[in-house]
Amino acid sequence: MFRYRKIETYQRLWRLKGFKQYATLPEHTLDCPECGQRVDVPRLSQGQECCCPRCGYRLARVEASPFLAPLCFAIGSLIIMTIVYTQMFITVEMPGVGVYSELSFPSMVKTLILQDFGVLAEVMFILTFGTPLLFLVLCTYVFTALHLQTHVPALLYATRTMVRLREWIMVDVFFISTLVAYIKLQSVALVTFGPSFWLMLVLAVLLIRTSVSVPQHWVYYQIHLLIGRSPIEQNDLHQICCSRCLYFRPESEHECGVCGTILFTRRPQSLKISSAFLLAAMILYIPANTFPIMISSNPTALEISTIMSGIIYMWDDGDRLIAVIIFSASIAVPILKILSMSVLILSAHFGLPASINKMSLTYRITESIGRWSMIDIFVIIILMSAFHTPMARVLPGPAAIYFCLVVLLTMLSAHFFDSRLLWDKHHQSQTDLSKLKHAHE
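No experiment lies behind these values; they were computed from the predicted model shown.

Draft legend 1. Local environment of the UniProt feature "transmembrane region" (unreviewed entry) in the chain. UniProt feature "transmembrane region" (unreviewed entry): in the numbering of this structure it lies at residues 67-90, 123-144, 165-183, 189-208, 276-295, 321-348, 369-387 and 399-417. End C-alpha atoms of residues 321-348 are separated by 38 Å, and the span's content is 100% helix alongside 0% strand.

Below, the structure written as structure tokens:
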């Protein structure tokens, strides 16, 4: 059994022009990477997808315009990105104090480096520019080859890198952080948005759409057709379904012959690795909340703020919306993620405290929300770039580095956690319960 959906999003004329016979995905079998369920996938044509009947995970999909859509979205994103990262982002002016700052992305990175905050400069550069740029370039490279049906050098390596970069793109997080900073800035300064700001929203939407239009299971199938072989093999007892590309490979292979990922039925040492990252995040979360995260100064006053004291100050000062946003991103989300990952790891080891569907949903939510904790870091970067004169200065405190590490470590903890262990524990408990019932009978 499987859950099968057909997506009708294009007009008939567009579908006829974009239809290619070789774009289809033939019938085959795969194992769900989230719950381990073996699923018989039907033949998928353009605009169709198949989901796991047990957990609802999207297993395979073919875009309505599978070759042109990702290519067009990627090229469009590159054009918009060129404007976003070269034009003025915002201007901040305090006429009575003599503060005037024109902020662009290069100027913000430069300010961080000049103030000896190279780590924050690297984090901002990688998550908001480097990763998106590399993803878009690789997407253009891969789908140009697929559109022209031409095998080009390092195509598999480019695809493997491209699909792994998607979860580390944070342009949308930075855009929301700018809105949060604006709410704070407008009470003390005149803020004007430049063309880069407005186009960043377009860029964020295009990046999301480009990422969604890259179904890696289908892409690997098309690449291997170009090479001259099909990745689809009949599964048997001596084969393992790759958790990345979802194709069966002989268990004698150390690395998947389709995508190059290390083969395993369950991620080796998943609980230990995930626990190690989580423990490190829990330790670093203490200095992240006790040390100053932002230092504000002017000729008459010096204000040193921790995360919590800054939230309390904004709440008492009337900026309750921004206080709620910062509290959610900097306090609630990290704590909830640490708690939920702790519960997930303990559940996979000892047993499930709730139904498997609730535990699976908990994992999905935990994995998806962690990146939004970077809002606080990006807000500090924007404020620091706006105020870096003797009359008004904002500097990141030592807690900023610790908090940034907490966010990254919790993301890695969720990444290395194998959710199939929850389903294994659920199946084991069901088997034990069945045996117990038979014993009583």
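So that's the structure; there's more coming.
Draft legend 2. Region of the structure containing the pattern of salt bridges. Overall, the coordinates contain 9 salt bridges when judged by the stated rule. With its nearest N and O atoms 2.6 Å apart, the salt bridge here joins Arg-61 to Glu-63. Accessibility assignment for this pair places Arg-61 and Glu-63 in one class, buried. The partner of Arg-266 in a salt bridge is Asp-424, with the nearest N and O atoms 2.7 Å apart. Here Arg-266, found in the loop between strand S10 (248-250) and helix H9 (270-290), pairs with Asp-424, found in helix H15 (residues 420-440); they are 158 residues apart in sequence, far enough to count as distant. A relative accessible area of 28% means that Arg-266 is categorised as partly exposed.

Draft legend 3. Main features of a nonpolar patch on the surface. Taken together, Ile-75, Ile-79 and Ile-83 make up a surface patch of nonpolar side chains, about 240 Å² in accessible area. Along the polypeptide, Ile-79 turns up in helix H2 (residues 68-84). Owing to a relative accessible area of 51%, Ile-79 belongs among the exposed residues under this scheme.

Draft legend 4. Representation of the sheet that holds strand S8 (residues 190-193) in the model. Taken together, the 3 strands give an open sheet; going across it, the order is S7-S6-S8, and neighbouring strands pair in antiparallel fashion. Across the chains shown, the open sheet's two edge strands, defined by having one partner strand only, are strand S7 (99-103) and S8. The mean inter-strand angle of the sheet, taken between neighbouring strand axes irrespective of direction, is 10°. Alignment of strand S6 (residues 90-94) against S7, held across 5 bridges, turns out to be antiparallel. Each residue of the ladder has a partner; that of Thr-91, found in S7, is Glu-102.

Conventions used here
- Residues numbered from 1 in each chain as written.
- Predicted model: local features only at pLDDT ≥ 70, side-chain atom pairs only at ≥ 80, totals over all residues.
- Heavy atoms only, no water.
- UniProt positions renumbered as here; feature names shortened; annotations may be inferred.
- Helix = DSSP H or I, 4+ residues; strand = E, 2+ residues; numbered from the N terminus.
- Salt bridge = Lys/Arg side-chain N within 4 Å of Asp/Glu carboxyl O.
- Buried < 20%, exposed > 50% of the residue type's maximum accessible area, 1.4 Å probe, protein only.
- Patch = residues over 30% accessible without salt bridge, like charges linked within 9 Å, V, L, I, M, F, W, Y side chains within 5 Å.
- Areas by Shrake-Rupley, 256 points an atom, 1.4 Å probe, with all protein chains shown as cover.
- Pairing = 2+ DSSP bridges.
- Axes fitted to C-alpha atoms, helices over the stretch in contact; angles between N-to-C directions.

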